[in-house]
Protein chains: 2
Amino acid sequence: MCNVEPKFVGVLGGVGPMATVYFEQMVLELTDASRDQDHLNMLVCNHATIPDRTAFILGESKLSPLFDMARDAQMLARAGCGFLVLPCNTAHFFHEHIQNAVSIPLLNIIEETVKACAGQNAKRIGILATAGTIKADTYGIMCRRFGLSCVYPDPATQKQVMSIIYGRIKAGKPVRAKEMAALYNRMREEGSDAIVLGCTELSVAHRDLELHAAHPDVVDSLETLARRTIEYAGKKLRTT
Amino acid sequence: MCNVEPKFVGVLGGVGPMATVYFEQMVLELTDASRDQDHLNMLVCNHATIPDRTAFILGESKLSPLFDMARDAQMLARAGCGFLVLPCNTAHFFHEHIQNAVSIPLLNIIEETVKACAGQNAKRIGILATAGTIKADTYGIMCRRFGLSCVYPDPATQKQVMSIIYGRIKAGKPVRAKEMAALYNRMREEGSDAIVLGCTELSVAHRDLELHAAHPDVVDSLETLARRTIEYAGKKLRTT
């Protein structure tokens, strides 16, 4: 008995590895499914040793992550993936280059997240992200395309964001809810009417600390990408 | 700048899809790592639409999951994986066939779990698993190989195990801690001195409900495989 050749969603992952796993979990939890076979097939390249994205964008390292990511994209395409997703905001600096390396679509987490903010009628979007994403102005460029304005943290707040991402989450150490809430409040003080978790490591902390209900103005880029992935693959979102 | 070709651990997943994600998460949490690049590279085939394993083993369905799994194994081997793991006990009915389809090793979750029980000086191992695993006597065969005896649930208890696996966990519905504890107590009443979570869906519930500390005699097959995967890949286990 031979089954039809499966089509997979290709996940360009490992940047970081835990965010990749949370992305998969979100896709499963948000899919309308009552048995294994109702779920999406995902082929996940959780490639942890890809060189650090932020260090390269900031010029602190000459090791480019692009070559590994482009090669992973090609491997996933060859293995039969119908489209690709990249659950990492910082790596979207390379979105166009990776997209050019393959003939299947690569969804854009930045575009989907900014669209989600626009859908909530937000005008001024506060961005919590790595120094790499901020320096590359990845969200700023996309916000302008949608007629929205973008609010970046002041240098002291940005330093705190990086300390949470690199010093804690990537290091497997805990983050406290009040540290995250303090970041959200700083962005509100700066006039943000939506706050983007524009680094998937922050999504991990936000989710672990169950901060969603208390902060409805926070738009999680990882969850936004998970929802879009389900829809793009032709599956339904779970309603309850 | 070109990086060395990465070696991946190949994860034959999707059986079921959530257990696969929990396996990845366990590997990340149990690895001694302080930055992304300290982690294992994993190539994860989360192939949800593979036909149900238990239904095939029980003769309720003619759709064999073997062909998909063997093809996935070959695809992972071609993509450069150094060895394979299959985070599903029921599917280990096909272990030998999948192993014969590739020239890289496929770790055996049943063998690793029984070894872990032997390492705890257990003699009578209670098995909580799908009806497929029970009917195939997958754990019984392995226990005899290590000189241990195997305790299977009575029919009423086994019916409850299946209702938790299929009616709840695979359906995305909650399980209560006292339901799990009742299963553990039944196996203790039958004289088990170690209780194996011999279905990775039960591992998901056990983990979600944080039952580990209260039930030190429970040996989780999924966690055992995660630990072995880290060691086999040459990485260190996190000590704290």
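Relevant structure appears above.
Quick caveat: nothing in here was measured; it's all calculated off a predicted structure.

About the criteria used
Residues numbered from 1 in each chain as written. Chains lettered and ligands numbered in written order. Predicted model: local features only at pLDDT ≥ 70, side-chain atom pairs only at ≥ 80, totals over all residues. Heavy atoms only, no water. Helix = DSSP H or I, 4+ residues; strand = E, 2+ residues; numbered from the N terminus. Rg over C-alpha atoms; globule rule 2.2 N^0.38 Å. Contact = heavy atoms within 4.5 Å. Areas by Shrake-Rupley, 256 points an atom, 1.4 Å probe, with all protein chains shown as cover. Lys, Arg positive; Asp, Glu negative; His and termini not counted. Charge placed at Lys NZ, Arg CZ, Asp CG, Glu CD. Buried < 20%, exposed > 50% of the residue type's maximum accessible area, 1.4 Å probe, protein only. Buried area = accessible area lost by both parts, 1.4 Å probe. Salt bridge = Lys/Arg side-chain N within 4 Å of Asp/Glu carboxyl O. Polar contact = N/O pair within 3.5 Å; in protein donor to acceptor, adjacent residues only side chain to side chain. Pairing = 2+ DSSP bridges. Axes fitted to C-alpha atoms, helices over the stretch in contact; angles between N-to-C directions. Phe/Tyr/Trp six-rings, centres within 6.5 Å; stacked < 30°, edge-to-face > 60°. Lys NZ or Arg CZ within 6 Å of the ring centre and 35° of its normal. Right-handed = clockwise from strand over helix to strand, strands pointing away. Parallel < 35°, antiparallel > 145°, perpendicular 65-115°, else oblique. Left-handed = near helix turned anticlockwise from the far one by under 90°. Nonpolar A, V, L, I, M, F, W, Y, C, P; charged D, E, K, R; others polar.

Peer 1: When you look at the overall build of chain A in this model, what are you seeing that I'm missing?
Peer 2: Scanning chain A from terminus to terminus reveals 11 helices and seven strands. Whereas a compact globule of 240 residues would reach a radius of gyration of roughly 18 Å, chain A reaches 17 Å, a difference of no more than 12%. The dimensions of chain A, computed from C-alpha atoms along their principal axes, are 60 × 45 × 40 Å. Once local pairs closer than 6 in sequence are excluded, the contacts in chain A between residues at least 24 apart make up 73%. Here chain A has roughly 9500 Å² of accessible surface; of this, 53% comes from carbon and sulfur atoms. A gap of 2 Å separates the mean positions of the 26 positive and 26 negative side-chain charges of chain A.

Peer 1: Mind showing me how you'd approach helix α10 (residues 200-208) of chain B here?
Peer 2: Residue and element names in this part refer to chain B. Burial within α10 is extensive, with seven of its nine residues counted as buried. For α10, the complete set of buried residues consists of Thr200, Glu201, Leu202, Ser203, Val204, Ala205 and His206. Trailing α10 by a residue or two, glutamate 210 shows a phi angle of about 50°, which is positive.

Peer 1: Mind showing me how you'd approach the interface of chain B and chain A here?
Peer 2: It is common to give the size of an interface as the accessible area lost on bringing the parts into contact. The interface of chain B with chain A comprises 50 residues on the first partner and 51 residues on the second. For the pairing of chain B and chain A, the buried interface totals around 3900 Å² over both sides, and the portion due to carbon and sulfur atoms is 53%. Taken together, the links from chain B to chain A amount to four salt bridges. Here chain B and chain A share 13 residue pairs in polar contact (both at pLDDT 80 or more) between them. Going through the elements one at a time, α1 (17-30), β2 (42-46) and α3 (66-78) of chain B are the ones with two or more residues in the side of chain B that touches chain A.

Peer 1: Even after reading the chapter, I still don't get the sheet that holds strand β3 (residues 81-85) of chain A, so can you show me in this structure?
Peer 2: Whether parallel or antiparallel, the strands of a sheet pair through hydrogen bonds between backbone atoms. Strand order in the open sheet formed by six strands is β3(A)-β1(A)-β2(A)-β2(B)-β1(B)-β3(B), and the pairing between neighbours is mixed. Lying at the two open borders of the sheet, with one neighbouring strand each, are β3 of chain A together with β3 (81-85) of chain B. The sheet shows a mean angle of 20° between the axes of neighbouring strands, taken without regard to direction. Each of β1 (8-13), β2 (42-46) and β3 of chain A together with β2 of chain B is contacted by helix α1 (residues 17-30) of chain A, which is oriented at about 165° to β2 of chain A, the strand it contacts most. Packed onto the sheet, α3 of chain B meets β1 and β2 of chain A together with β1 (8-13), β2 and β3 of chain B and runs at close to 165° relative to β1 of chain B.

Peer 1: Please clarify how the packing of aromatic side chains should be interpreted in this entry.
Peer 2: Think of a pair of aromatic rings as described by two things: how far the centres are apart, and how the planes are tilted against each other in angle. Enumeration over the complete set of coordinates arrives at six aromatic pairs over all chains. Measuring from centroid to centroid gives 6.0 Å for phenylalanine 56 of chain B and phenylalanine 94 of chain B, while their planes differ by 35°, and the two rings are tilted. Pair noted here: phenylalanine 56 of chain B is in helix α2 (residues 53-57) and phenylalanine 94 of chain B is in the loop between β3 and α4 (95-101), with a separation of 38 residues, a long-range link. Ring geometry for phenylalanine 93 of chain B versus phenylalanine 94 of chain B: centroids 5.1 Å apart, planes at 85°, classification edge-to-face. Judged by its relative accessible area of 40%, phenylalanine 93 of chain B is partly exposed. A network of ring pairs unites the aromatic residues Phe56, Phe93 and Phe94 of chain A as a single cluster. The aromatic ring of tyrosine 166 of chain A is capped on one face by lysine 170 of chain A, whose charged end is 5.5 Å from the ring centroid.

Peer 1: What exactly am I supposed to notice about the pairing of β2 of chain B here?
Peer 2: Each regular strand displays side chains that alternate between the two surfaces of the sheet. With five of its five residues buried, β2 of chain B lies for the most part within the structure. Here β2 of chain B shows a buried face lined by Met42, Val44 and Asn46 of chain B and a second buried face lined by Leu43 and Cys45 of chain B. Of the pairings in the sheet, the one linking β2 of chain A to β2 of chain B comprises five bridges and is antiparallel in character. Directly across from asparagine 46 of chain A, in β2 of chain B, lies its bridge partner methionine 42 of chain B. Crossover connection from β1 of chain B via α1 of chain B to parallel β2 of chain B: handedness right-handed.

Peer 1: Would you mind going over the environment of methionine 18 of chain A with me for this structure?
Peer 2: Mapped onto the fold, methionine 18 of chain A is located in helix α1. Note: C-alpha distance between methionine 18 of chain A and alanine 48 of chain A (30 residues apart in sequence) is 9.2 Å. Ignoring sequence-local partners within four residues, the contact set of methionine 18 of chain A consists of Val204 of chain A together with Gln25, Leu28 and Glu29 of chain B.

Peer 1: Before we go on, may I ask you to explain the packing of helix α5 (residues 109-119) of chain A against helix α7 (residues 138-145) of chain A in this structure?
Peer 2: When two helices pack together, you describe them by how their axes are tilted relative to each other and by the distance separating the axes. Residues and elements named next belong to chain A. Where α5 meets α7, the axes come as close as 10 Å, and the angle between the chain directions of the two elements is 50°. Comparing the axis directions of α5 and α7 gives the class oblique. Viewed along their axes, α5 and α7 form a crossing whose handedness is right-handed. Of the residues in α7, those in contact with Ile109, Ile110, Glu111, Thr113 and Val114 of α5 are Thr138, Tyr139, Met142 and Cys143. In terms of residue class, the contact of α5 with α7 is made up of six nonpolar, two polar and one charged.

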